[in-house]
Amino acid sequence: MYDVAVVGSGPAGSAAARAAVAAGARTLLLERAEPPRYKRCGGGLLGVSVDVAGIDLRPLLRDEVMTLTATLDGRRGWTRRAPATIFRTVDRDSFDAALLAASGADVRTGVVVTGVEETSRQVRLLLRDRPTVLARTVVAADGVTSRLAAYVGVRAAQVDLGLEGEFPAPAGWAGRALLDWGPVPGSYGWLFPKGRRVTVGVIGARSSAAALRAYYRVLVGRLGLGEPEVEGGHLTRVREADSPLVSAGGRVLVAGDAAGLLEPWTREGISFALRSGRLAGEHAAAM
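Residues numbered from 1 in each chain as written. Predicted model: local features only at pLDDT ≥ 70, side-chain atom pairs only at ≥ 80, totals over all residues. Heavy atoms only, no water.

### Notes on the side chain of Thr71
Line of reasoning, step 1. Within the fold, Thr71 resides in strand β5 (residues 67-72).
Line of reasoning, step 2. Only 2.4 Å separates the side chain of Thr71 from the side chain of Asp180, close enough to count as a polar contact.
Line of reasoning, step 3. Setting aside residues up to four positions removed in sequence, Thr71 forms contacts with Arg76, Gly77, Leu178, Leu179, Asp180 and Trp181. (Helix = DSSP H or I, 4+ residues; strand = E, 2+ residues; numbered from the N terminus. Polar contact = N/O pair within 3.5 Å; in protein donor to acceptor, adjacent residues only side chain to side chain. Contact = heavy atoms within 4.5 Å.)

So, in structure tokens, the structure goes:
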């Protein structure tokens, strides 16, 4: 019997586990994959993410962006250098692994949650081919496809498709990022430097998937990039304003992507994951 069980070891889950452990709660963290795991993400850390991460980021940083180039579908470009760092970049596999290691929780990997049973006193997590887990409270931080988020009743007001790849870094992009306002309404593209690599992607409404794929290919070609080291897509969801963050029984909380906590235009989610995870972990430990 645990005080707090956290599902998912991304930034939200690790932040929740760390906060619960710090509050004195016996905490278990369940993760489907075997860390470190590759995560499709631009890897940009805003200042608030750096402030609340709670770990030494220096060995994890791949670049510090101080110069930004903005274009409109490849045209009308302008470049400005900021007087201070705009954002930093990390590889999500090493960043997530460092957050997990700092959580202080008991960790079980290779675990798939198949169901949940909630009473007024506890939550029973049903696992595939594993013994049931009992906890007083549960924090669901297992991403956009979270089974527990569906249980809580999280609703999305906006569903977007992101397409991205990691490429060998061309010359001239160290310390410099690109934002391109795309041809699909509400879309944009980016290039973020990550040392020997750059991450290039586009994002926009899932309903415009075909146009987004074409935009991605045009952007990659325009930048003159070679073959990607890794490439793929992912969905993001932005919650409706009144979407619940806790189950009707009060013992299952959602955080991060599972809760649909993203900035609606940039779809930046790391800062929301770290902050919402910490708050959920504190609240879960206090119940």
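### What about the sheet that holds strand β15 (residues 197-205)?
Line of reasoning, step 1. Reading across from one edge, β6-β5-β13-β14-β15-β12-β16 is the order of the seven strands in this open sheet, with mixed pairing throughout. The open sheet has two edge strands, β6 (75-81) and β16 (230-239), and neither has a second partner. Strand after strand, the sheet turns through a mean of 20 degrees between neighbouring axes, direction not considered.
Line of reasoning, step 2. Examined bridge by bridge, β5 and strand β13 (residues 176-181) share six bridges and lie parallel to one another. Each residue of the ladder has a partner; that of Thr67, found in β13, is Arg176. (Pairing = 2+ DSSP bridges. Axes fitted to C-alpha atoms, helices over the stretch in contact; angles between N-to-C directions.)

### Looking at the packing of aromatic side chains
Line of reasoning, step 1. In the structure shown here, the tally under the stated rule is five aromatic pairs.
Line of reasoning, step 2. Summarising the aromatic geometry, the rings of Phe87 and Phe192 are spaced 4.8 Å apart at their centres and angled 55 degrees between planes, so their arrangement reads as tilted. Taken together, the residues Phe87 in strand β7 (residues 87-90) and Phe192 in strand β14 (residues 188-194) connect sequence positions 105 residues apart. Phe192 carries the same exposure label as Phe87, and that label is buried.
Line of reasoning, step 3. When the centroid spacing of 4.8 Å and the interplanar angle of 20 degrees are considered together, the rings of Tyr188 and Trp265 count as stacked. Remark: Trp265 occurs in the loop between β17 (252-254) and α6 (270-286) and Tyr188 occurs in strand β14; sequence separation between them is 77 residues. (Phe/Tyr/Trp six-rings, centres within 6.5 Å; stacked < 30°, edge-to-face > 60°. Buried < 20%, exposed > 50% of the residue type's maximum accessible area, 1.4 Å probe, protein only.)

### Concerning the nonpolar core
Line of reasoning, step 1. Val7, Leu30, Leu125, Leu127, Val138 and Leu148 are the most contacted members of the largest nonpolar core, which has 23 residues in total.
Line of reasoning, step 2. Going through the elements one at a time, β1 (2-7), β2 (27-31), β9 (113-118), β10 (123-127), β11 (133-140), α4 (147-152) and β17 are the ones with two or more residues in this core.
Line of reasoning, step 3. Among residues more than four places away in sequence, those in contact with Leu30 are Val6, Val7, Gly8, Arg108, Val111, Val113, Leu125 and Leu127. (Core = buried A, V, L, I, M, F, W, Y, C linked by side-chain atoms within 4.5 Å.)

### Structural notes on the sheet that holds strand β4 (residues 61-65)
Line of reasoning, step 1. In spatial order, the strands read β3-β7-β4; together these three strands make up an open sheet with antiparallel pairing. Every other strand in the sheet has two partners, leaving β3 (44-45) and β4 as the edge strands with one partner each.
Line of reasoning, step 2. Sheet topology note: the β4/β7 ladder contains four bridges and is antiparallel. Residue pairing across strands places Asp63 opposite Thr89, the latter belonging to β7.

### Digging into helix α5 (residues 209-222)
Line of reasoning, step 1. Over its 14 residues, α5 extends 20 Å from the first C-alpha to the last, a length consistent with the 20 Å expected when each residue adds 1.5 Å.
Line of reasoning, step 2. Of the residues making up α5, those classed as buried are Ala209, Leu212, Tyr215, Tyr216, Leu219 and Val220. For α5, the angular spread of buried residues about the axis comes to 130 degrees, placing them on one side. For α5, the exposed residues lying more than 90 degrees away from the buried face are Ala210 and Gly221.
Line of reasoning, step 3. In this structure, the buried side of α5 is in contact with β12 (156-168), β13, β14, β15 and β16.
Line of reasoning, step 4. Gly224 sits one or two positions beyond α5 and adopts a positive phi of about 70 degrees. (Expected span 1.5 Å × (residues − 1). Arc of directions from axis to C-beta.)

### Remarks on the side chain of Thr89
Line of reasoning, step 1. Inspection of the secondary structure assignment puts Thr89 in strand β7.
Line of reasoning, step 2. When near neighbours in sequence (up to four residues on either side) are disregarded, Thr89 contacts Gly43, Leu60, Leu61, Arg62, Asp63, Phe192, Pro193 and Lys194.

### Thoughts on the environment of Met287
Line of reasoning, step 1. Position of Met287 among the secondary structure elements: in the segment after α6.
Line of reasoning, step 2. Taking the C-alpha atoms as reference points, Met287 and Gln122, separated by 165 residues in sequence, lie 11 Å from one another.

### Points about the environment of Val144
Line of reasoning, step 1. Tracing the backbone through its elements, the reader meets Val144 in the loop between β11 and α4.
Line of reasoning, step 2. Given the relative accessible area of 25%, Val144 is considered partly exposed.

### Brief notes about the pairing of β13
Every regular strand shows the same layout, with side chains that alternate between the two sheet faces.
Line of reasoning, step 1. Pairing of β13 with β14 involves four bridges; the strand directions are antiparallel. Along β14, the bridge assignment pairs Trp181 with Tyr188.
Line of reasoning, step 2. Between β13 and β14, which pair antiparallel one after the other, the connecting turn spans six residues, and Gly186 there sits at a positive phi close to 80 degrees.

### Some details on the pattern of salt bridges
Line of reasoning, step 1. One pass over the full model with this rule turns up 20 salt bridges.
Line of reasoning, step 2. As a salt-bridge pair, Arg92 and Asp96 come within 2.9 Å of each other at their nearest N and O atoms. One end of the pair, Arg92, and the other, Asp96, are both in helix α3 (residues 92-101), four residues apart, so they sit about a helical turn from each other. Across the pair, Asp96 and Arg92 agree in class, each one buried.
Line of reasoning, step 3. Between Glu229 and Arg197 there is a salt bridge; the shortest N-O distance is 3.9 Å. In this pair, Glu229 is assigned in the loop between α5 and β16 and Arg197 in strand β15, connecting sequence segments 32 residues apart.
Line of reasoning, step 4. Among the residues examined, Arg197 registers a relative accessible area of 15% and is labelled buried.
Line of reasoning, step 5. Residues joined by salt bridges that share partners form a network here, namely Arg62, Asp91, Glu166, Lys194, Arg196, Arg197 and Glu229. (Salt bridge = Lys/Arg side-chain N within 4 Å of Asp/Glu carboxyl O.)

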